[in-house]
Amino acid sequence: MKISDIKVFPVNIAGRSQLNVKIETDIGIYGWGASGITGRELAVIGVIDHYRPLLIGKDPKQIGAIWQDLYRGQYFEGGRVLTAAISAIDIALYDIKGKDLGVPVYELLGGKQRDYIECFASLRFSSKEELITSAKTLIKEGWNMLRLAPAEYEEGKYASEFEPRYSIAVIAEWVTALRKEVGTKVTIGIDYHHRLSVPETVSFIQRMPIGTLDFIEEPIRDESPEVYQELRKMVNVPFAIGEEFASKWQFLPYIEKNITQFARIDVCNVGGITEAMKVAHMAEAHYIDLLPHNPIGPICTAATIHLAAACPNFTWLEEMNTPVDNPGLDDTNYYTVQPQLEGNRYKVQNEPGLGIEFNEEFALATKFEMVETPRLKRRDGSFTNW
């Protein structure tokens, strides 16, 4: 069996952009993968155009060797764009190998260690009332882990104002009220999406009683592990970090120095299933649990389910489609076969490969347009993180 072609399918789904990759072989078996850098699909396509002639004719079962060739086969190795392309290719190769052997991908990773994958609800809110009402609805429906995504700043999708000190004041008040309403049995985390500084993060945590939050996700940018290490000393709430990390090396200081307590690994960013398993093993050795990032679409979901099934240190998988929010990123016009949510969890299935099918004919019949991520500005007009 040899790789015969690599095809890319950039699509717009639910107002966002996705990039899916199909690897074909000379015996008719094919595999699907996905890139994780939403909004920069054309850059990733450019990388895949570079990789295509290197891959055609190769044995798709040699996944580890192909990963090394793609990563190390240029002087300027690594980086998020290159690794996003490698991720998509790597995931597709696992899909092919699983289908060729007639086994689900998790069997290639050591076999499943659980029968279902429990999810956390990504809860977006812009008011105290919306937060509490939505949280109660989710809890009633059996979702006992909530990851809050504050959007109190939102005015227009691409032109909103975010002022950190105002935000931490109101969000701390709202989250404290939520904890009083729902009690102690529900796990509550919050994602500040890199919008804060070190002192703002400390102030935010100090405004809430101990036990209000079970973790805080990426309050500051992650380029400097040393800064995060100092923040770790000042904050008594666990961290969840890593959704943008593009290799095991980027995860390394956060794991070895115990900066993070949850690894927010994204199989479509980190380097695919091959690299994700290495990060998972490093995390296990340091008693760090996986809390996978999963905001893109069903191919990422499927790949992460197989990863989670094979890892002992998995906790919850991010889920965007919940009883209070369904953005439509799993559009069945595009994804004709995909993992099916059962309540707040996915059952680990036994179909060969990933267990996913993408409607390439439908995708080709639609026009792709680039979608930019929102922009936030502070009150003085300066840019800040979204």
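To be clear, the structure that these remarks concern was listed above.
Residues numbered from 1 in each chain as written. Predicted model: local features only at pLDDT ≥ 70, side-chain atom pairs only at ≥ 80, totals over all residues. Heavy atoms only, no water.

What follows is about the overall build of the protein. Regarding its fold elements, the protein presents 13 helices and 18 strands. A globule of 386 residues ought to have a C-alpha radius of gyration of about 21 Å, and the protein, at 20 Å, matches this closely. C-alpha extents for the protein along the principal axes are approximately 60 × 45 × 45 Å. Long-range pairs, those at least 24 residues apart, make up 72% of the contacts in the protein with a sequence separation of at least 6. In the protein, which carries 40 positive and 53 negative side-chain charges, the distance between the mean positions of the two groups comes to 3 Å. (Helix = DSSP H or I, 4+ residues; strand = E, 2+ residues; numbered from the N terminus. Rg over C-alpha atoms; globule rule 2.2 N^0.38 Å. Contact = heavy atoms within 4.5 Å. Lys, Arg positive; Asp, Glu negative; His and termini not counted. Charge placed at Lys NZ, Arg CZ, Asp CG, Glu CD.)

Here we take up the pairing of strand 2 (residues 16-25). Most of strand 2 is tucked away: 9 of the 10 residues are buried. Judged from the 10 bridges that link them, strand 1 (residues 3-13) and strand 2 form a sheet pairing that is antiparallel. The residue of strand 2 that forms the bridge with Phe 9 is Asn 20. Joining the antiparallel neighbours strand 1 and strand 2 is a turn of 2 residues, in which Ala 14 adopts a positive phi near 55°. (Buried < 20%, exposed > 50% of the residue type's maximum accessible area, 1.4 Å probe, protein only. Pairing = 2+ DSSP bridges.)

It is worth spelling out the sheet that holds strand 2 at this point. Strand pairing within a sheet occurs via backbone hydrogen bonds; the two strands may be parallel or antiparallel. Pairing in this open sheet of 3 strands is antiparallel, and the strands run 1-2-3 from one edge to the other. Among the strands making up the open sheet, the edge pair consists of strand 1 and strand 3 (30-34). Across the sheet, the mean angle separating the axes of adjacent strands is 20° when strand polarity is ignored. (Axes fitted to C-alpha atoms, helices over the stretch in contact; angles between N-to-C directions.)

Reading across the sheet, the 3 strands line up as 6-17-18 and stay open at both edges, with mixed pairing between neighbours. Edge strands, defined here as strands with exactly one partner in the open sheet, are strand 6 (160-161) and strand 18 (383-384). As judged from the 2 bridges shared by strand 6 and strand 17 (residues 376-377), these two strands associate in the parallel manner. From the neighbouring strand, Ser 160 faces strand 17, where its bridge partner is Leu 376.

This paragraph deals with the side chain of Thr 304. With respect to the helices and strands, the residue Thr 304 is situated in helix 12 (residues 298-310). We classify Thr 304 as buried; its relative accessible area is 2%. Every residue in contact with Thr 304, bar those within four places of it in the chain, is listed here: Val 267, Pro 292 and Leu 317.

It is worth spelling out the pattern of salt bridges at this point. Taken as a whole, this structure holds 28 salt bridges when the rule is applied. Between Arg 147 and Asp 191 there is a salt bridge, with its nearest N and O atoms 3.7 Å apart. Of this pair, Arg 147 sits in strand 5 (residues 145-150) while Asp 191 is found in strand 7 (residues 187-191), placing the two residues 44 residues apart along the sequence. Take Arg 147 and Asp 191: they sit in the same class, and that class is buried. (Salt bridge = Lys/Arg side-chain N within 4 Å of Asp/Glu carboxyl O.)

Scanning the model with the defined rule gives 18 aromatic pairs in all. A network of ring pairs unites the aromatic residues Phe 9, Tyr 30, Trp 32, Tyr 334, Tyr 335, Phe 358 and Phe 362 as a single cluster. Here Lys 278 stacks its cationic end above the ring of Trp 67, 5.5 Å away from the centre of that ring. (Phe/Tyr/Trp six-rings, centres within 6.5 Å; stacked < 30°, edge-to-face > 60°. Lys NZ or Arg CZ within 6 Å of the ring centre and 35° of its normal.)

The relative placement of two packed helices comes down to the angle between their axes together with the axis-to-axis distance. Put simply, helix 1 (residues 41-55) and helix 3 (residues 80-101) touch, their axes get as near as 9 Å, and they point 55° apart. Between helix 1 and helix 3, the crossing angle belongs to the class labelled oblique. Helix 1 and helix 3 meet at a crossing whose hand is right-handed. On the side of helix 1, the interface is formed by Ala 43, Val 44, Val 47, Ile 48, Tyr 51 and Leu 55, while helix 3 contributes Val 81, Leu 82, Ala 84, Ala 85, Ile 86 and Ile 89. (Parallel < 35°, antiparallel > 145°, perpendicular 65-115°, else oblique. Left-handed = near helix turned anticlockwise from the far one by under 90°.)

The complete set of buried residues in helix 8 (residues 225-234) reads Pro 225, Tyr 228, Leu 231 and Arg 232. In an axial view of helix 8, the angular spread of the buried residues amounts to 115°, which keeps them on one side of the axis. Close packing links the buried residues of helix 8 with helix 7 (198-206), strand 9 (239-241) and helix 9 (248-256). (Arc of directions from axis to C-beta.)

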